[in-house]
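Letter by letter, the chains look like this.
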Amino acid sequence: NTLYKQGLAILTALLLICGVSTAQNVKFGIKGGLNLPNITAGGTNTPVSEGYKSRLAAGVGLFTELKLTQSWSFRFGVEYSGQGGQKNGMQAMPTKRLLTGAASSMGTSMTDEQIAELTHLADVVPKYYYANVDNTTKFDYVMIPLLAQYSWHLGQSPWSVYVNAGPFVSFLVSGKLVSDGSSYLYSDASGQTLLWDTFSSTDQADITRLFPDMASTFQDPLDFGTTNITSEMKSANFGIIGNVGLSYQWGCNFFFIEAGGNYGFVPVQQDSSNGTNRLGAGSIMLGYAFSFF
């Protein structure tokens, strides 16, 4: 309680001091709000890479802004950016993920016969399977934007408008596929043929004998959950980002709202056989900046 009161008193004093100051050559700021990200298909489209829609995600950032002239400034900082998209209903998924999951669940305890069977299945299994579920792909990035900014005051008022744009680099923190629902696994988008029925009777017998859990996955409805797909994604990206904003100045306090967007140039998949999707997002942010210099 004492620390809270002391912190509040310090903050109030700083705001009052800043309120009578006209210094604004260097600003430090924070912003936060909502992203509206989406996953767009690139040059190589597959059933896995198509059909995404936007989702809501969070965004927050810290920045420094250096004033160069009366109108021009340079802004750089670091941001957390939620990216991704969503697909609902019947959709394709990479079958390789099922085989990788079976191998991971057994760890180092697999026999040579089991390893040989998984290698054989990787050659004969369809590249994609279909399931009727709701999927949300969530990517968490740390983004570093470098922005040139132009501002102009609205007459003699404390209001001003600004636009900024520039490149960014970003680094993947985590990637998750959050699935909701239960579904049979099909070999076709129409849901007419079970994936299990595409195997020969010999493969069905071997799967049942060597991987009973996998046999159940293929034959019964599967309850979907969250899958970590970080290792399937590239660890870094770069692209372009821009914003337009409205700012209110009180001394060296600046309160602003801005809307903008970003687009990454690098396809996010490690394996291009799953497509070459790129990430982008619209955003709307509220923020506060201050300066003592």
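The coordinates are above.
As a starting point, this report considers the structure included with it. (Residues numbered from 1 in each chain as written. Predicted model: local features only at pLDDT ≥ 70, side-chain atom pairs only at ≥ 80, totals over all residues. Heavy atoms only, no water.)

### A word on the side chain of Ser151
Relative to the helices and strands, Ser151 is located in strand S4 (residues 128–153). With relative accessibility at 19%, the residue Ser151 sits in the buried group. Residues within four places of Ser151 in sequence aside, it is in contact with Ser71, Val161 and Tyr162. (Helix = DSSP H or I, 4+ residues; strand = E, 2+ residues; numbered from the N terminus. Buried < 20%, exposed > 50% of the residue type's maximum accessible area, 1.4 Å probe, protein only. Contact = heavy atoms within 4.5 Å.)

### What to know about the nonpolar core
In a soluble, globular protein the nonpolar side chains are often hidden away together inside. Counting residues in hydrophobic clusters, the biggest one holds 22 residues, and the most contacted among them are Tyr129, Leu185, Ile207, Met214 and Phe218. For this core, the secondary structure elements donating two or more residues are helix H2 (96–106), helix H3 (112–124), S4, helix H4 (201–210) and helix H5 (212–219). Once you skip the residues sitting within four places of it in the chain, Phe218 turns out to touch Leu98, Leu185, Leu195, Trp196, Phe199 and Ile207. Counting residues in hydrophobic clusters, the runner-up holds 10 residues, among them Tyr141, Leu172, Val268 and Leu279. (Core = buried A, V, L, I, M, F, W, Y, C linked by side-chain atoms within 4.5 Å.)

### A few points about the packing of H4 against H5
The geometry of H4 relative to H5 is characterised by a closest axis approach of 5 Å and an angle of 125° between their N-to-C directions. The pairing of H4 with H5 is recorded here as oblique in orientation. Along its contact with H4, which presents Ile207, Thr208, Arg209 and Leu210, the element H5 presents Pro212, Met214, Ala215 and Phe218. In terms of residue class, the contact of H4 with H5 is built from 6 nonpolar, 1 polar and 1 charged. (Axes fitted to C-alpha atoms, helices over the stretch in contact; angles between N-to-C directions. Parallel < 35°, antiparallel > 145°, perpendicular 65-115°, else oblique. Nonpolar A, V, L, I, M, F, W, Y, C, P; charged D, E, K, R; others polar.)

### Notes on the pattern of salt bridges
Going through the model one piece at a time under the given rule, you end up with 8 salt bridges. Residue Glu258 pairs with Arg75 through a salt bridge whose shortest N-O separation is 3.4 Å. Separated by 183 residues along the polypeptide, Glu258 in strand S8 (residues 253–264) and Arg75 in strand S3 (residues 72–94) bring together distant segments of the chain. Each of the two residues, Glu258 as well as Arg75, counts as buried. Here Arg209 ties to Asp206 by a salt bridge, and the two come within 3.3 Å at their closest N and O atoms. Taken as a pair, Arg209 and Asp206 lie in helix H4 at a separation of 3 residues, close to a single helical turn. Each of Lys27, Lys31, Glu65, Arg75, Glu79 and Glu258 takes part in salt bridges that share partners, so that together they form one network. (Salt bridge = Lys/Arg side-chain N within 4 Å of Asp/Glu carboxyl O.)

### Overview of the environment of Leu185
Position of Leu185 relative to the elements: it lies in the loop between strand S5 (159–183) and H4. Residue classification places Leu185 among the buried residues on the basis of a relative accessible area of 0%. In sequence terms Leu185 and Thr217 are 32 residues apart; their C-alpha atoms lie 8.1 Å from each other.

### Describing the side chain of Gln83
Looking at the secondary structure, you find Gln83 in strand S3. The residues contacting Gln83, other than those within four sequence positions of it, are Pro37, Arg55, Thr137, Lys138, Phe139, Tyr141, Met143, Asn262, Leu279, Gly280 and Ala281.

### Some points on the packing of aromatic side chains
Per the stated rule, a full pass over the model turns up 15 aromatic pairs. Aromatic side chains Phe199 and Phe218 sit 5.2 Å apart centroid to centroid with 55° between the ring planes, which places their arrangement in the tilted category. Placement of Phe199 in the loop between S5 and H4 and of Phe218 in helix H5 is noted, with a sequence separation of 19 residues between them. You can call Phe199 buried: its relative accessible area is 7%. Phe218 sits in the buried class, given a relative accessible area of 1%. (Phe/Tyr/Trp six-rings, centres within 6.5 Å; stacked < 30°, edge-to-face > 60°.)

### Focus: the pairing of strand S9 (residues 278–290)
Bridge count for strand S1 (residues 26–40) against S9 is 13 bridges, and the pairing is antiparallel. Paired with Ile30 across the bridge in S9 is Tyr288. As paired strands, S8 and S9 are joined by 11 bridges and run antiparallel to one another. Across the sheet, the residue bridging to Ile257 is Leu286, located in S9. (Pairing = 2+ DSSP bridges.)

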